[in-house]
Amino acid sequence: MSVRVRYAPSPTGLQHIGGVRTALFNYFFAKSSGGKFILRVEDTDRERYSDESLQDLYDTLSWLGIKWDEGPVVGGPYGPYIQSERSDIYRHYAEELVKKGKAYYCYCSQERLEKVREEQIKNKSEYQGYDRHCANLTEEERLEYEKQGIKPVIRLRVPTEGKTTFHDVLMGDITRRNRDISPDPILLKSDGFPTYHLANVIDDHMMGITHIMRAQEWIPSGPLHVLLYEAFGWEVPIYCHLPMVMGKDGQKLSKRHGSTSLRDFREKGYLPEAIINYVTLVGWSLDGSTEFFSKEDLEKCFRLENIHKAPAVFDYKKLDWFNGYYIREKSDEEIAALISPYLEKEGFISPDMNGEEKEKLLRLAHASKERMKVLSDIVPLSSFIFRDQPVEDKATYVAKGSDLEKTITALEKGGDLLISSLKAGVVEKEIEDKLFSLSEELGVKVNGVFQPLRVAITNSTVSLPLFDSISLLGLDETEKRLKRGLSIIRS
RNA sequence: GUCUCCUUCGUCUAGUGGUUAGGACAACGGGUUUUCAUCCCGUCAACGCGGGUUCGAUCCCCGCAGGAGAUGCCA
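Residues numbered from 1 in each chain as written. Chains lettered and ligands numbered in written order. Predicted model: local features only at pLDDT ≥ 70, side-chain atom pairs only at ≥ 80, totals over all residues. Heavy atoms only, no water.

**Topic: unusual backbone geometry**
Across the junction of Gly-79 and Pro-80, the peptide omega takes the value -5°, indicating a cis bond. Here Pro-80 is to be found in the loop between helix H2 (51–64) and helix H3 (87–99). The backbone of Asp-184 shows a phi angle near 50°, a positive value even though the residue is not glycine. You can see Asp-184 is positioned in the loop between strand S6 (172–177) and strand S7 (186–188). (Helix = DSSP H or I, 4+ residues; strand = E, 2+ residues; numbered from the N terminus.)

Shown next, in the form of structure tokens:
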């Protein structure tokens, strides 16, 4: 049997970590087993639907480099792959169920349902859910409602006796008594659109889906879906419920835990390699010690058996660590291209750079690479080059173990030494040695000399290496800043 | 309330009827280094609890506790 899996998100918001993790698992399982990965858009919630979300879905998957074998845009033999274009199919099957007596029309108003719910909560009723008010309407009653112009929903007739079991690859058999299944869930809404349960089951069957990999929050509806497959007389696919992704507090990951949308991560400067690597490791591992996986690796070695059962907490710091690693792995040219948008956004550079500027960007990329966790870090790291905000606080120039007087001397002599040497073309190593000697003369640690120079030149105690900074800034500007620094601490 | 699932360092995880319970991130300490970062070395740190089964349980069984999810004309 050839594997066919699907990622079936609902375009009601931006793609988030949890959804992408599900997509990735499906995708890697498909690839590693020589199967097909299908994308299906479950846009049956017309209230929450948005075009932006749909576009975000496509953007996110393509940014990650996840290509779907069948689905919107690319098409396929089982289309359409957008549920809102399949309404007729769902209606047809829902009505078929009514004819079979497995489902029925319900004319209850939302108000009535609300009231029933309230009542049940108030009475602490053991039984919660729809009271099956319309389960056995006579034909006359039904026609009367129709005459009133009430648009009905179609509900599944859930048996009150017996129990239903489904098998999960990870969890084993999961059984629920039928009486515990939410009584008579709606299959077709009054607006004519199907609910998740109906559309999902029909499409998975019609599209030949072999394995259903979805988050564990769906476990409780597993038996309900089985009931539906049975009502239609269809074969039940293989289930694999994925552990959920949680926030630090153990609750389902959400915005209040930090960024969750892939768009956020992308904008901050996370690389797809890092996201793929880390996110796949949330709830999955190969052997407990291998930690770096490329997309290609995962397309080969991903196995269902290695999925963990327990929910996993999303660790932003570990993602940062992965991202830093992948940034360092890139060539200077790649980094230059990746940081450009951030610099352009700040107005630091313009898209049409001349050769000299391009070369400078490359040097910046080289000097910054090891210092970035995310690409947007380039802004604070490089702003001293493009924007001049001198440090006015004298104390900042003074290194630990030094004093103002020594600092003034260090900046004056060190600065002169630096400028004259650089003008004379002395190699860095030699200049460095001279500065070391200067620190010895002054009786301070090397930083007693370097810190004032650094603060004057880069306007910060934390910066790129001094010689890189000077080279990026230019000799004239460096000289200017050194003089200004001196006048600041002398004042 | 009811139902279902889950439980190894703070976090992600490996693992076995007898192991010094392994790795990674984080944290902390040290080294390299002009700062920061990188890099290197090290330290701290876990089998939820109670019963069984067994010569022996982290591992098998049963309870309990804790956590999570579901209980919508949302998915």
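**A few points about the pairing of S6**
Here strand S5 (residues 163–168) pairs with S6 via six bridges, running antiparallel. For Thr-165, the partnering residue across the bridge sits in S6 and is Thr-175. Counted between consecutive antiparallel strands, the loop separating S5 from S6 contains three residues. (Pairing = 2+ DSSP bridges.)

**Quick look at the sheet that holds strand S4 (residues 153–156)**
Spatially, S3-S4-S7 is the arrangement adopted by the three strands of the open sheet, whose pairing is antiparallel. Only two strands of the sheet have a single neighbouring strand rather than two, namely strand S3 (103–106) and S7. With strand direction ignored, the average angle separating the axes of adjacent strands in the sheet is 45°. Across four bridges, S3 lies against S4 in antiparallel orientation. When the sheet's bridge partners are listed, Cys-106 is paired in S4 with Val-153. (Axes fitted to C-alpha atoms, helices over the stretch in contact; angles between N-to-C directions.)

**Let's talk about the layout of surface pockets**
Size it by volume and the largest pocket reaches roughly 1,200 Å³. As for the largest pocket, its lining consists of 40 residues, and the residues nearest its centre are Ser-10, Thr-12, His-16, Gly-19 and Glu-217. Of all the secondary-structure elements, those providing two or more residues to the lining of the largest pocket are strand S1 (4–7), helix H1 (17–32), helix H6 (196–206) and strand S8 (211–215). A per-element tally of the lining of the largest pocket places H1 first, with six residues. Tallied by class, the residues present in the lining of the largest pocket amount to 13 nonpolar, 16 polar and eleven charged. In this structure, the second largest pocket spans a volume of roughly 470 Å³. (1 Å grid on protein atoms, 1.4 Å probe; cavity = no way out; pocket = protein on both sides within 12 Å on 5 of 7 lines; lining within 4 Å. Points joined across faces, edges and corners; volume = space filled by probe spheres on them. Nonpolar A, V, L, I, M, F, W, Y, C, P; charged D, E, K, R; others polar.)

Structural measurements only, silent on function.
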